[in-house]
Amino acid sequence: MATKAKQLPHEKRKGEAALSDFAEYVEQQQALRYPSKAPTAAATSNKTAATEVDHHEELDDILDSLDLSDPTPQVKLRDLLLSNDAESLQRLVDILDQRLTEGNGEWVFEIGFENNGECMKLTKDEWDVAFKRLNQAAKQLHADCQLLLTKNVGGELDGAPTKEKDCSGKVMIRRARTVEEVIETRIAVVGNVDAGKSSMLGVLVKGDLDDGRGKARVNLFRHKHEIETGRTSSVGMEIMGFDTKGQVVVSDTPGRKLSWEEIGKRSAKVITFTDLAGHERYLRTTVFGLLSSSPNYCLLMVAANNGLIGMSKEHLGIALALNVPVMVVITKIDICPPQILEQTITQITRILKSPGARKIPIFIKNHEECINTATQFVSQRICPIFQVSNVTGENLDLVRSFLNILPHHGRYDSDAPFEFHVNDTFSVPHVGTVVSGIVKSGVIHAGDEVLIGPDSLGHFTQTSIRSIERKRIGVPAASAGQSASFALRRVRRKDVRKGMVVLPKGDGSQPKVFREFVAEVLILSHATTIKTKYQAMLHVGPVSQTCAIIDVDRPFIRTGDRATVAFRFVQRPEYLAPGDRLLFREGRTKGLGIVKSVGYDPSKPLSSGGGDVVGSDDSTSKVTADA
């Protein structure tokens, strides 16, 4: 392994080291693009990252929980949990209500410890009283309690005993939600071809095990050729529901798969899986799926008998570049010889600890490790790793428990102006044109007047929202962070496309669109040098279009270089804003970046020696690819 690392070209190692630094810069810019409504520890860290050299998100979370900034004396949780009077109960209800609001309807409450980490020193009898009192308070908020883990209490959920005999435990409190309020976490599932992505999703969603020959994946495929070859070629969507008590919502009839409507109506939390293609031929589809679905997490699937090969390295690199928290699932452990499995684990550990990833791999082998890691997964430095078999079902219960308590992660603002990005378009009989995608910010209601565009000329079309659906269930409204589908009035299917945006009608003026923009980019890999006139396929959210470089702040850029670059869309203008993340590729060349400013003034080149600047007259300039 060590000899291989030495043989890596200098440029590749340079690119890896630059990746993690660039990811931190992207996170700061994203905080400006989509500021959180309530600043979280992560958001606060982004504002101070410009002045801090070495930043640790984990420390923010610890300091946040210590309440050091709050000078007012607080009533101890121990007193509220063990007292019998109505006033104490109401105060406990108020605390839970605030926590549930912060956690999007769910919260992991730790009985046995105060907010500042001080131990309550509960006996077994006091623990029973405290747990009963917590259930009582949760009921007043129409929430249920699920006991996740206990210490020194006894029972099957008891973890490893501690030296002190104090009783403690973690409890998931989850509020019953209506369909439009349901918690939604989006997970992009990536990995090399034949890693078992579709099979595992089929097992998780249906609850039945695989037969070793692909029985579980058949329900996930959308096309005939996918069923015949067993390979995903499109962006598949699956949902998995959890009720208020943390149980997976599955059919009572063995082998029957519930419809999305049934899952949505019975769930308090929904995990949306985006099943992406693993074959190199479908890389463009996979990159589009990763950027357009705005995943909160990325699930990297690795076959135990193959290791991290082929496209799985590409997918991991893109996930790291997009700053999406990554978890790894090693599949097929039932058919893999022990020594090959050991090699795979060593390889994954080495790659995750490399300068480009800078992750701390945590192998989850029991229930206690699963609960503790899931509650601490707010830190992007952690990378949980599971070893599972879809045939024997080994460790699948740990994956389900982990997904159940996975904290909601993302930056969304419901108070900002409405913005919706179109990922897909449909024509539905008796309904008309339907667009689906992610609500980036704001709130939209059925019947609202909106604009959709831009078209090939950069114009927007006025329309109105006929109806809104989430997970195939009609809802009156959709808000920031949710995926939804809108039925539009007076718009033909051929007039809408992926990459368009839906914006509020406003004062009648057309939203501004741009053919040119300036971005800060990092070149991950390129065989030679990149100069002006270079062309590549560029992805910005759901937008996929060929772009040409018209100006660079230096004569040329190579692998590992970070530069300011001006791009021009070749086909049509697009709706962009500073802070949007982008990824461009052409063959083996890959680069990522973030939009710094929209528009470009050729009279103010990025650098005086930046090479030939292509003129800004769109109709006359012909941009050709650099040889």
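- Looking at an unreviewed UniProt entry, one finds the chain named GTP-binding protein 1 and attributed to Cercophora newfieldiana.
- As recorded by UniProt, the Sequence similarities (unreviewed entry) comment attached to the chain reads in full: "Belongs to the TRAFAC class translation factor GTPase superfamily. Classic translation factor GTPase family. EF-Tu/EF-1A subfamily."

Here we look at the overall build of the chain
Stage number 1. From N to C terminus, the chain includes 15 helices and 25 strands.
Stage number 2. Classification of the 627 residues of the chain by burial places 54% in the buried group.
Stage number 3. Relative to all contacts within the chain whose residues are 6 or more apart in sequence, the contacts with residues 24 or more apart total 72%.
Stage number 4. Carbon and sulfur atoms form 51% of the exposed surface of the chain, whose accessible area is close to 28000 Å².

Considerations on the environment of S525
Stage number 1. Note that S525 resides in strand 20 (residues 516-525).
Stage number 2. Spatially, the C-alpha atom of S525 lies 5.0 Å from that of T559, the residues being 34 residues apart in sequence.

Description of the state of the cysteines
Stage number 1. One pass over the structure, following the stated rule, counts zero disulfides.
Stage number 2. Residue C298 stays outside any disulfide, its sulfur separated by 9.6 Å from that of C383, the closest cysteine.
Stage number 3. Judged by its relative accessible area of 1%, C298 is buried.

Focus on the packing of aromatic side chains
One pair of aromatic rings is described through two measures. These are the centre distance and the angle between the planes.
Stage number 1. For the structure on display, the rule yields nine aromatic pairs.
Stage number 2. Seen in terms of ring centroids, W127 and F131 are 5.9 Å apart; in terms of plane orientation they differ by 0°. Their pairing is stacked. In this pair, W127 and F131 both sit in helix 7 (residues 124-140), four residues apart, roughly one turn of the helix.
Stage number 3. For W127, a relative accessible area of 3% puts it in the buried group.
Stage number 4. Through a chain of ring-to-ring contacts, three or more aromatic side chains come together here, namely Y297, F377, F386 and F402.

Considering the sheet that holds strand 3 (residues 168-175)
Each strand in a sheet pairs with another by means of backbone hydrogen bonds, the pair being arranged parallel or else antiparallel.
Stage number 1. If you trace the three strands from one edge of the open sheet to the other, you get 1-3-2, paired in antiparallel fashion. At either end of the open sheet lies a strand with only one pairing partner, and these are strand 1 (106-111) and strand 2 (143-151). Adjacent strand axes in the sheet meet at a mean angle of 20°, parallel and antiparallel pairs treated alike.
Stage number 2. Relative to strand 3, strand 1 is paired through six bridges, and the arrangement is antiparallel.

Quick look at unusual backbone geometry
Stage number 1. The omega torsion of the bond from G453 to P454 falls at 0°, within 30 degrees of zero and hence cis.
Stage number 2. Here P454 lies in the loop between strand 14 (449-453) and strand 15 (461-470).
Stage number 3. A positive phi angle, close to 65°, is found at R472, a residue other than glycine.
Stage number 4. Of note, R472 is situated in the loop between strand 15 and strand 16 (473-475).
Stage number 5. With a relative accessible area of 48%, R472 lands in the partly exposed category.

Description of the confidence of the model for the chain
Stage number 1. The predicted model of the chain has a mean per-residue pLDDT of 82, with 82% of residues at 70 or higher.
Stage number 2. The least confident element of the chain is helix 3 (residues 41-48), whose mean pLDDT is 36; the most confident is strand 10 (residues 382-387), at 96.
Stage number 3. Here residues 37-55 scores under 50 on pLDDT; set against residues more than four positions off or in separate chains, the count is 19 contacts.
Stage number 4. Segment residues 609-627: pLDDT under 50, and 37 contacts once partners within four positions in sequence are set aside and those in other chains are kept.

A short note on the side chain of S436
Stage number 1. By the secondary structure assignment, S436 is in strand 12 (residues 432-441).
Stage number 2. Once residues lying within four places of it in the same chain are set aside, the contact partners of S436 are F420, H421, V422, N423, D424, F426, A484 and S485.

Things to note about the nonpolar core
Stage number 1. Core analysis: the biggest nonpolar cluster contains 42 residues, and L300, V326, V328 and I330 have the highest contact counts within it.
Stage number 2. The element best represented in this core is helix 12 (residues 311-321), accounting for six residues.
Stage number 3. Counting 34 residues, the second largest nonpolar core, distinct from the first, contains L148, M172, I271 and L406.

Focus: the pattern of salt bridges
Stage number 1. Scanning the model with the defined rule gives 22 salt bridges in all.
Stage number 2. A salt bridge links E184 to R470; its shortest N-O distance comes to 3.0 Å. Taken together, the positions of E184 in strand 4 (residues 183-191) and R470 in strand 15 put the pair 286 residues apart, joining distant regions of the chain. With respect to class, E184 is no different from R470; both count as buried.
Stage number 3. Among the ionic pairs, K471 bridges to E184, the shortest N-O distance being 2.9 Å. Remark: E184 occurs in strand 4 and K471 occurs in the loop between strand 15 and strand 16; sequence separation between them is 287 residues.

A word on the packing of helix 6 (residues 86-102) against helix 7
Stage number 1. Running from N to C, helix 6 and helix 7 cross one another at 65°; their axes reach a closest spacing of 9 Å. One finds that helix 6 runs roughly perpendicular with respect to helix 7. Note that helix 6 runs across helix 7; the crossing there is right-handed. Contacts from S88, L89, Q90, L92, V93 and L96 of helix 6 reach helix 7 at R133, L134, Q136, A137, A138 and Q140.
Stage number 2. A breakdown of the residues in the contact of helix 6 with helix 7 according to their chemical character gives seven nonpolar, four polar and one charged.

Concerning the environment of R78
Stage number 1. Of note, R78 is situated in helix 5 (residues 77-82).
Stage number 2. Judged by relative accessible area, which is 22%, R78 ranks as partly exposed.
Stage number 3. For the pair R78 and G112, spaced 34 residues apart in sequence, the C-alpha separation works out to 7.7 Å.
Stage number 4. Setting aside chain neighbours within four positions, we find R78 in contact with E114, M120, K121, L122 and E126.

Quick notes on the pairing of strand 18 (residues 483-488)
Stage number 1. With five of six residues buried, strand 18 is to be regarded as a mostly interior element.
Stage number 2. Where strand 12 and strand 18 come together, six bridges link them in antiparallel fashion. Its bridge partner being in strand 18, I438 is matched across the sheet by S483.
Stage number 3. Relative to strand 18, strand 15 is paired through four bridges, and the arrangement is antiparallel. Bridged to S467 within strand 18 is A487.

Description of helix 14 (residues 367-375)
Stage number 1. Of the residues making up helix 14, those classed as buried are E368, C370, I371, T373 and A374.
Stage number 2. In this fold, the buried residues of helix 14 make contact with strand 2, strand 3, strand 9 (360-363), strand 10 and helix 15 (396-405).
Stage number 3. Capping the start of helix 14, N366 holds a side-chain oxygen 3.2 Å from the backbone nitrogen of E368, two or three residues further along.

Cut-offs used in this document
- Residues numbered from 1 in each chain as written.
- Predicted model: local features only at pLDDT ≥ 70, side-chain atom pairs only at ≥ 80, totals over all residues.
- Heavy atoms only, no water.
- UniProt positions renumbered as here; feature names shortened; annotations may be inferred.
- Helix = DSSP H or I, 4+ residues; strand = E, 2+ residues; numbered from the N terminus.
- Buried < 20%, exposed > 50% of the residue type's maximum accessible area, 1.4 Å probe, protein only.
- Contact = heavy atoms within 4.5 Å.
- Areas by Shrake-Rupley, 256 points an atom, 1.4 Å probe, with all protein chains shown as cover.
- Disulfide = S-S within 2.5 Å.
- Phe/Tyr/Trp six-rings, centres within 6.5 Å; stacked < 30°, edge-to-face > 60°.
- Pairing = 2+ DSSP bridges.
- Axes fitted to C-alpha atoms, helices over the stretch in contact; angles between N-to-C directions.
- pLDDT = per-residue confidence, 0-100.
- Core = buried A, V, L, I, M, F, W, Y, C linked by side-chain atoms within 4.5 Å.
- Salt bridge = Lys/Arg side-chain N within 4 Å of Asp/Glu carboxyl O.
- Parallel < 35°, antiparallel > 145°, perpendicular 65-115°, else oblique.
- Left-handed = near helix turned anticlockwise from the far one by under 90°.
- Nonpolar A, V, L, I, M, F, W, Y, C, P; charged D, E, K, R; others polar.
- Polar contact = N/O pair within 3.5 Å; in protein donor to acceptor, adjacent residues only side chain to side chain.

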